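# Breakdown of the fold
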Amino acid sequence: MADRPEVRTASGPVTALAVVGLAENMLNGLARVPFRRPWQGPGGLLDNLGQSVTRQAVRSFMGYSMGLPIDEFRSMEKILDDVCKAVMPPFIALTDGVEITSDVVGGIHGLWCRARASSENYVDDPAERQEIGATILYLHGGGYIGTSPIMYSAFTASLVNTTGHEVFIADYRMAPEFPFPAGVLDAADAYQGLLDRGVSPDHLVIAGDSGGGGLATSLVSYLHSRSMPMPAAVALFSPEVDLDLDHPSVTENADLDILPWNVPVTPYLQGVQPNDARVSIVDGDLDPEWFPPTFVCWGADEMFRDGIRQFVERLESAGVEVYAMEEFGMFHVFPILMPWAESSKQVFRALQELSGRVVKPDPNAEQTH
């Protein structure tokens, strides 16, 4: 976001002070961990300790970031983005055997994640290359206001290894500089761009987490309203599908989740009602005629729990094929933040099983996607 000409950033000294403040805030937060019985939890000792440290670290980061002026927020985000650009590609290549490349699809910048064994850059003989299979359009999380594609490359690399698919992470516009419907329109352009490159909708999956998960459902609704072809499936990780935020879990799980207790939605909505079905699919008129088979997972301890449960109930009542996983003792987007946890491994195993059943490889798929 910070690289866009319309986006304001802070000066160097102010940005440096913001980063120092973040470090101090996170150290202060981590100092609290020993006093919160970190050994207690749903898993073994190491999993419980990892969950406690992760929860506090992310909560401290988000709590501090949400209090910054937008120009300082964008400047700090750019620093983190630059660090990830330097660190993530070689790390992912080494640990996951996945290649990260930049591209523009349908006018939308983004990153491709593909297995090295499927790339002409690493395997000369086409006959020996690994079959790519289907394509995933991934919409990253960040509450509609933050993060970037490269920050999600480790998770999408895991999706590549789990499903055997290729993944395009779209760099869509975010609020408050670009409120609804900018992100939906960008996602739709990327989707159309993939179709224009020859990707069949029968071999295309829309996926996303948190705000990106909500955006994924908004995209499906948008495609339906434009009579565009539907994807083969949708995969959602702790999706933000109900922006009313009026369920008991929002307050009951505030002490257990990584999210700030005052989850911001106003920057994204800017006048749109939170119960508008275009932004809160839980209030939509769902129908299996247009809503694809859906995989959705979430944590029992997350603030969005009740809204996601209602969404799953609405899908099931409408007759939409849905595979739902609620993991005990887990917080928001736990498969992304804690891929080593047993609950996360269960999610990946379920995805591996479903990917071969719901989405078939595209026999016409080409490396030029």
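Each value, and the rule that gives it
- Residues numbered from 1 in each chain as written.
- Predicted model: local features only at pLDDT ≥ 70, side-chain atom pairs only at ≥ 80, totals over all residues.
- Heavy atoms only, no water.
- Helix = DSSP H or I, 4+ residues; strand = E, 2+ residues; numbered from the N terminus.
- UniProt positions renumbered as here; feature names shortened; annotations may be inferred.
- Patch = residues over 30% accessible without salt bridge, like charges linked within 9 Å, V, L, I, M, F, W, Y side chains within 5 Å.
- Areas by Shrake-Rupley, 256 points an atom, 1.4 Å probe, with all protein chains shown as cover.
- Salt bridge = Lys/Arg side-chain N within 4 Å of Asp/Glu carboxyl O.
- Pairing = 2+ DSSP bridges.
- Axes fitted to C-alpha atoms, helices over the stretch in contact; angles between N-to-C directions.
- Phe/Tyr/Trp six-rings, centres within 6.5 Å; stacked < 30°, edge-to-face > 60°.
- Buried < 20%, exposed > 50% of the residue type's maximum accessible area, 1.4 Å probe, protein only.
- Lys NZ or Arg CZ within 6 Å of the ring centre and 35° of its normal.
- Left-handed = near helix turned anticlockwise from the far one by under 90°.
- Contact = heavy atoms within 4.5 Å.
- Nonpolar A, V, L, I, M, F, W, Y, C, P; charged D, E, K, R; others polar.

### With respect to the environment of V87
You can see V87 is positioned in helix α3 (residues 70–96). Along the backbone, V87 and A318 are 231 residues apart, and their C-alpha atoms lie at a distance of 44 Å.

### What about the UniProt feature "domain: Alpha/beta hydrolase fold-3" (unreviewed entry) in the protein?
Cross-referencing UniProt, the feature "domain: Alpha/beta hydrolase fold-3" (unreviewed entry) maps to residues 136–334 in the present numbering. Along residues 136–334 one finds 33% helix and 16% strand; the C-alpha atoms at either end are 20 Å apart.

### Considering a nonpolar patch on the surface
Side chains of V19, I79, V83, V87 and F91 sit close together on the surface and give an oily, nonpolar patch of about 380 Å² of accessible area. No other element matches α3, which puts 4 residues into the nonpolar patch. If you trace the backbone, I79 turns up in helix α3.

### Remarks on the sheet that holds strand β5 (residues 204–209)
Sheet architecture is open: 8 strands sit in the order β1-β2-β4-β3-β5-β6-β7-β8, paired in mixed fashion. The open sheet has two edge strands with one neighbour each: β1 (98–105) and β8 (322–327). Looking at each pair of strands side by side, their axes are set apart by 20 degrees on average, direction ignored.

### Side note on the packing of aromatic side chains
Aromatic ring pairs are reported here in terms of the distance separating the ring centres and the angle at which the planes meet. Per the counting criterion, the structure on display carries 11 aromatic pairs. Measuring from ring centre to ring centre gives 5.9 Å for F180 and Y268, while their planes differ by 75 degrees; the resulting arrangement is edge-to-face. Residue F180 is found in the loop between β4 (166–170) and α5 (182–196), and its partner Y268 is found in helix α8 (residues 266–269); the two are separated by 88 residues along the sequence. Just as F180 is buried, Y268 falls in that class too. Both rings, one in F291 and one in F311, keep their centres 6.3 Å apart while their planes meet at 70 degrees; by these two values the pair is edge-to-face. Taken together, the residues span a long stretch of sequence, with F291 in the loop between α8 and β7 (294–299) and F311 in helix α9 (residues 305–318) at a distance of 20 residues. Taken together, the ring pairs connect Y138, Y152, F155, F237, F295, Y323 and F348 into an aromatic cluster. Sitting above the plane of the W112 ring, R114 keeps its charged end 4.2 Å from the centroid.

### Considering the packing of helix α1 (residues 12–30) against helix α2 (residues 45–66)
The N-to-C vectors of α1 and α2 enclose an angle of 145 degrees; their axes lie 9 Å apart at closest approach. Considering the relative orientation of α1 and α2, their crossing is right-handed. Of the residues in α2, those touching α1 at L17, A18, G21, L22, N25, M26, G29 and L30 are V53, Q56, A57, S60, F61 and Y64. Here the residues of the contact of α1 with α2 are counted per class, giving 9 nonpolar, 5 polar and no charged.

### Re the pairing of β4
A regular strand places its side chains so that they alternate between the two faces of the sheet. By the criterion of burial, β4 is predominantly enclosed, with 5 of the 5 residues buried. Going residue by residue along β4, you find E166, F168 and A170 tucked away on one face and V167 and I169 tucked away on the opposite face as well. Inspection of the sheet shows strand β2 (residues 108–115) paired to β4 by 4 bridges, in the antiparallel sense. Directly across from L111, in β4, lies its bridge partner I169. With 4 bridges joining them, strand β3 (residues 135–139) and β4 adopt parallel strand pairing. If you follow L137 over to β4, its bridge partner there is F168.

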